[in-house]
Amino acid sequence: MTFINKLSAAWATNDSLLCVGLDPDMAKLPAQFQNDPQGIYHFCREIIDATADLACSFKPQIAYFAALSAEDQLQQICDYVREHYPHIPLIMDAKRGDIGATARQYAREAYDRYGADAVTVNPYMGFDSVEPYMEWSDRGVIILCRTSNAGGSDLQFLDVGGKPLYQHVAQLVAQKWNQNGQCALVVGATFPEELAQVRAMVGDMPLLVPGIGAQGGDIAATVKSGRTANGAGMMINSSRAILYATPNAGEDFAMAARRVALETRDAINQYRA
């Protein structure tokens, strides 16, 4: 099954556009994981189990693991998702950007080592930095377009032939680069008008949308701007707000994460029609 097919099935099966980001921060993990050599794995596994029926995708951010020399735990997490929830797409958030043989090694890392269904990449070095990922014709390539951070405007708003650079990237991907039909774009929830402009340019291409939750993006504006005609088309990511949800009385961290994930999924669904 291709990335796009798996994603489409997950949208329908879980009635969800919510992508759960896995960004483990040792300083924020519950106390029982602080001195556990496998603490990152055990924490993420419980988050996955608590939210698997509410998510359309899981997105581990590789830097959070690599900074702690926890790549082996990341691999265990990826194995766990593929074994227990094979119907949910696994997105490796790496934002790689290099050319030729080096790009191919990054693709091998994401697709072969970690078994990811898709990986995020940076288009700054042009098509030959993206093309090696397409050798895996069933896997997704999610390309940075209009990012959710304020500093993204430093480059993404530069005029390119009468339109901002992020729109030029969107057009390139939609019209020229999407050779296998497995491309998607990263467009932040913090800029809903620009999200709507990208949607109009790329048709039904999936959008990975960071910026709700801890970054403050408005859910209603995000969904109305980015949804497709059938009320899908997006992977709306929330990481910290779910991972580190404050428990109510009687809740443990996993129950709190599930509660916030459910609230977020249902809030998104209010605006899909």
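Structural data are supplied above this passage.
For the structure given in this document, a descriptive report is provided here. (Residues numbered from 1 in each chain as written. Predicted model: local features only at pLDDT ≥ 70, side-chain atom pairs only at ≥ 80, totals over all residues. Heavy atoms only, no water.)

**Some points on a nonpolar patch on the surface**
Part 1 of the reasoning: Together, I99, Y124, M125, L155 and L158 make up an exposed nonpolar region whose accessible area comes to about 520 Å².
Part 2 of the reasoning: Mapped onto the fold, L158 is located in the loop between α7 (153–156) and β6 (159–160). (Patch = residues over 30% accessible without salt bridge, like charges linked within 9 Å, V, L, I, M, F, W, Y side chains within 5 Å. Areas by Shrake-Rupley, 256 points an atom, 1.4 Å probe, with all protein chains shown as cover. Salt bridge = Lys/Arg side-chain N within 4 Å of Asp/Glu carboxyl O. Helix = DSSP H or I, 4+ residues; strand = E, 2+ residues; numbered from the N terminus.)

**Thoughts on the layout of surface pockets**
Part 1 of the reasoning: Size it by volume and the second largest pocket reaches roughly 310 Å³.
Part 2 of the reasoning: N122, P123, Y124, L165 and V169 are, among the 16 residues lining the second largest pocket, the residues nearest its centre.
Part 3 of the reasoning: Looking at the lining of the second largest pocket, the elements with two or more residues in it are β5 (140–146), α7 and α8 (165–177).
Part 4 of the reasoning: Within the lining of the second largest pocket, the residues separate by chemical class into 10 nonpolar, 6 polar and no charged. (1 Å grid on protein atoms, 1.4 Å probe; cavity = no way out; pocket = protein on both sides within 12 Å on 5 of 7 lines; lining within 4 Å. Points joined across faces, edges and corners; volume = space filled by probe spheres on them. Nonpolar A, V, L, I, M, F, W, Y, C, P; charged D, E, K, R; others polar.)

**A closer look at the nonpolar core**
Part 1 of the reasoning: Counting residues in each nonpolar core, the largest one holds 92 residues, and the members touching the most others are M92, I143 and L185.
Part 2 of the reasoning: Contact partners of M92, with chain neighbours within four places excluded, come to P60, I62, L74, C78, A110, Y114, A116, A118, V119 and T120. (Core = buried A, V, L, I, M, F, W, Y, C linked by side-chain atoms within 4.5 Å. Buried < 20%, exposed > 50% of the residue type's maximum accessible area, 1.4 Å probe, protein only. Contact = heavy atoms within 4.5 Å.)

**Re empty space enclosed by the protein**
Part 1 of the reasoning: The full count for this structure, using the stated rule, is 1 cavity of 30 Å³ or more.
Part 2 of the reasoning: If you add up the space inside the largest cavity, you get close to 40 Å³.
Part 3 of the reasoning: Taken together, the residues of the lining of the largest cavity sort by class into 4 nonpolar, 3 polar and 1 charged.

**A closer look at the environment of D15**
Part 1 of the reasoning: Tracing the sequence through the fold places D15 in the loop between α1 (3–13) and β1 (18–22).
Part 2 of the reasoning: What D15 contacts, discounting residues up to four positions off in sequence, is A10, R265, N269 and R272.
Part 3 of the reasoning: Within polar-contact distance, the side chain of D15 engages the side chain of R272 at 3.3 Å. (Polar contact = N/O pair within 3.5 Å; in protein donor to acceptor, adjacent residues only side chain to side chain.)

**Some thoughts on the packing of aromatic side chains**
Part 1 of the reasoning: Scanning the model with the defined rule gives 10 aromatic pairs in all.
Part 2 of the reasoning: On the basis of an interplanar angle of 5 degrees and a centroid distance of 6.0 Å, the ring pair of F43 and Y244 is categorised as stacked. A residue pair is termed long-range when its members are at least 10 positions apart, and F43 in helix α3 (residues 39–51) and Y244 in the loop between α11 (240–243) and α12 (253–269) qualify at 201 residues.
Part 3 of the reasoning: On the basis of relative accessibility, which here comes to 18%, the residue Y244 falls in the buried class.
Part 4 of the reasoning: Between F157 and Y166 the ring centres are 5.8 Å apart and the planes differ by 20 degrees, which places this aromatic pair in the stacked class.
Part 5 of the reasoning: Residue classification places F157 among the partly exposed residues on the basis of a relative accessible area of 42%.
Part 6 of the reasoning: Counting every residue linked through ring pairs, the aromatic cluster contains F33, F43, Y244 and F253.
Part 7 of the reasoning: Positioned above the aromatic ring of Y166, the side-chain terminus of R146 is 5.8 Å from the ring centre.
Part 8 of the reasoning: The ring centre of F191 lies 3.9 Å from the NZ or CZ of R146, which sits over that ring. (Phe/Tyr/Trp six-rings, centres within 6.5 Å; stacked < 30°, edge-to-face > 60°. Lys NZ or Arg CZ within 6 Å of the ring centre and 35° of its normal.)

**Points about the side chain of Q61**
Part 1 of the reasoning: Counting through the fold element by element, Q61 comes out in the loop between β2 (57–60) and α4 (62–66).
Part 2 of the reasoning: Within polar-contact distance, the side chain of Q61 engages the side chain of D93 at 3.3 Å.
Part 3 of the reasoning: Aside from chain neighbours lying at most four places away, what touches Q61 is L22, D23, D93 and K95.

**Considerations on the sheet that holds strand β10 (residues 234–238)**
Part 1 of the reasoning: With parallel pairing, 8 strands are arranged side by side in an open sheet as β2-β1-β10-β9-β8-β5-β4-β3. Edge positions in the sheet fall to β2 and β3 (91–96), since each has one partner strand and no second. When strand polarity is set aside, the average angle formed by the axes of neighbouring strands in this sheet is 30 degrees.
Part 2 of the reasoning: Across 4 bridges, β1 lies against β2 in parallel orientation. From the neighbouring strand, G21 faces β2, where its bridge partner is K59. (Pairing = 2+ DSSP bridges. Axes fitted to C-alpha atoms, helices over the stretch in contact; angles between N-to-C directions.)

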